[in-house]
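Architecture at a glance
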Amino acid sequence: MHYLGPRGAAVALFTAASLVACHSAGGGSYSPALSEGVAQVSSGDFAASPQTALQCNAKQEGPEGTFLSYFATGNVKGTTFTALANGSEWVLEQYTKVKPTPTPKPTPTPKPTPTPKPTPTPKPTPTPKPVSVYYYVGTFTMKNKQTGCAYLIAAVKGHLPGEKFGGEALGLPNLKSGNTKSKLVDSGPVKSLVISHLSSKGGSGPVTLVESNDKAYTTGTITLTARTTIKEYDQLRQRLEQQIPSRDR
């Protein structure tokens, strides 16, 4: 089950709600749906509690233009995250403006509803399912001047729950608000992605992107600047929902 997923017109972003629903149902694989939906683009900044506030400080761009995203699974050994040869991808998308969805007409006031029968006492809310992962935030910068927000989810120890790898990295453009649609321009594998010196203050390292024919596309640097520890799936879901621009489908 992926916590962070491939992004773009070719592959939509994961939905955090599905992640939680999948785990609460007892596991299984989650595969992001194919989509070329309309995106209500929002800032890469996201709020959290005062004790664990994290913020992406990448330069805001767009909302129109062509922007880079990447996704990589990997493992953490010591204080270094290294992406796996398989399961990593980058996409280049072109965003164009679309007209906002019209505000629907007010719904007529319904007739008074008869007094309902007493609601049965609900069953006790189940105890939140525990998880223990580090959640890092920072920025990425490529030599061709592409920039954005960088994220890393890494198991505190061993592998992520239900997976055979220890972490997932994601890079997204920090787009200004606006109604846009996107189409895939280019894509290819992440040839290498290494983030070293991981600690409560973050970590950093190089990333190399290549075309599908292994021809060099660009190189750059990932710089993580903050970390928090998440111990419940609901907390993780909330952060992911705030992190990812919403998408109308």
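In case you missed it, the structure is sitting above this.
My aim in this report is to walk through the structure given alongside it, one point at a time. All residue numbers here refer to positions counted from 1 along the written sequence of the relevant chain. Only residues with pLDDT of at least 70 are given local features in this predicted model, and only at 80 or more are side-chain atom pairs given and counted; all residues enter the totals for whole chains, interfaces and linings. By convention in this description, side-chain values take in all heavy atoms of the structure and omit both hydrogens and water.

**As for the overall build of the protein chain**
Put simply, the rule is: Put simply, DSSP H or I for four residues or longer makes a helix, DSSP E for two residues or longer makes a strand, and each gets a number counted from the N terminus. Per-residue accessibility, obtained with a 1.4 Å probe over protein chains only, is compared with the maximum for each type, and a residue is labelled buried under 20%, exposed over 50%, and partly exposed between these values. Between two residues, a contact is recorded if the distance between any of their heavy atoms is within 4.5 Å.
The helix and strand tally for the protein chain stands at two helices and 11 strands. Element order for the protein chain, N to C, with α for helix and β for strand: α-β-β-β-β-β-β-β-β-β-β-α-β. Residues counted as buried form 43% of the 249 residues belonging to the protein chain. In the protein chain, the share of contacts with a sequence separation of at least 24, taken over all contacts with a separation of at least 6, comes to 69%.

**Looking at the state of the cysteines**
Joining two cysteines, a disulfide is a covalent bond between their sulfur atoms. Note the following rule: By disulfide we mean two sulfur atoms from cysteines, separated by a distance within 2.5 Å.
One pass over the structure, following the stated rule, counts one disulfide. The disulfide partner of Cys56 is Cys149, and the S-S distance across this bridge is 2.0 Å. With the S-S dihedral at roughly -90°, the linkage between Cys56 and Cys149 falls on the left-handed side. Remark: Cys149 occurs in strand β5 (residues 147-155) and Cys56 occurs in the loop between β1 (38-41) and β2 (65-77); sequence separation between them is 93 residues. Both residues of the pair, Cys56 and Cys149, belong to the buried class.

**A few points about the pattern of salt bridges**
We apply this condition: Note on definitions: salt bridges are taken to be side-chain nitrogens of Lys or Arg within 4 Å of carboxyl oxygens of Asp or Glu.
Going through the model one piece at a time under the given rule, you end up with one salt bridge. Between Lys191 and Asp214 there is a salt bridge whose closest N-O contact spans 3.9 Å. Taken as a pair, Lys191 in strand β8 (residues 190-199) and Asp214 in the loop between β9 (202-210) and β10 (216-232) lie far apart in primary sequence, 23 residues in all. For Asp214, a relative accessible area of 46% gives the class partly exposed.

**Comments concerning the packing of aromatic side chains**
Heads up, the condition is: Stacked, tilted and edge-to-face pairs are distinguished by plane angle, under 30 degrees for stacked and over 60 for edge-to-face with tilted covering the rest, among Phe, Tyr and Trp rings (Trp via its six-membered ring) whose centres lie within 6.5 Å.
One pass over the structure, following the stated rule, counts five aromatic pairs. For the pair Tyr70 and Phe140, a centre-to-centre distance of 5.3 Å together with 75° between the ring planes defines the contact as edge-to-face. Here Tyr70, found in strand β2, pairs with Phe140, found in strand β4 (residues 130-142); they are 70 residues apart in sequence, far enough to count as distant. For the pair shown, Tyr70 and Phe140 are each scored as buried. Both rings, one in Tyr135 and one in Tyr151, keep their centres 6.5 Å apart while their planes meet at 55°; by these two values the pair is tilted.

**Describing the environment of His159**
Locating His159 in the fold gives a position in the loop between β5 and β6 (167-172). For the pair His159 and Val76, spaced 83 residues apart in the sequence, the C-alpha separation amounts to 8.7 Å.

**Brief notes about the pairing of β6**
Condition: Pairing between two strands is assigned when DSSP locates at least 2 bridges connecting them.
The element β6 is largely enclosed, with a buried count of six among its six residues. Here β6 shows two buried faces, one formed by Gly167, Ala169 and Gly171 and the other by Glu168, Leu170 and Leu172. Direction of pairing for β2 relative to β6: antiparallel, over a ladder of five bridges. Bridge pairing links Gly74 to Gly167 in β6. Relative to β6, β5 runs antiparallel, the two sharing six bridges. The partner of Ala150 across the bridge, within β6, is Gly171.

**Concerning the environment of Gly74**
Mapped onto the elements of the fold, Gly74 is located in strand β2. Sequence separation between Gly74 and Glu168 is 94 residues, and the spatial gap between their C-alpha atoms is 6.2 Å. Among residues more than four places away in sequence, those in contact with Gly74 are Phe81, Thr82, Ala83, Leu84, Phe165, Gly166 and Gly167.

Purely spatial values, then, with no claim about function.
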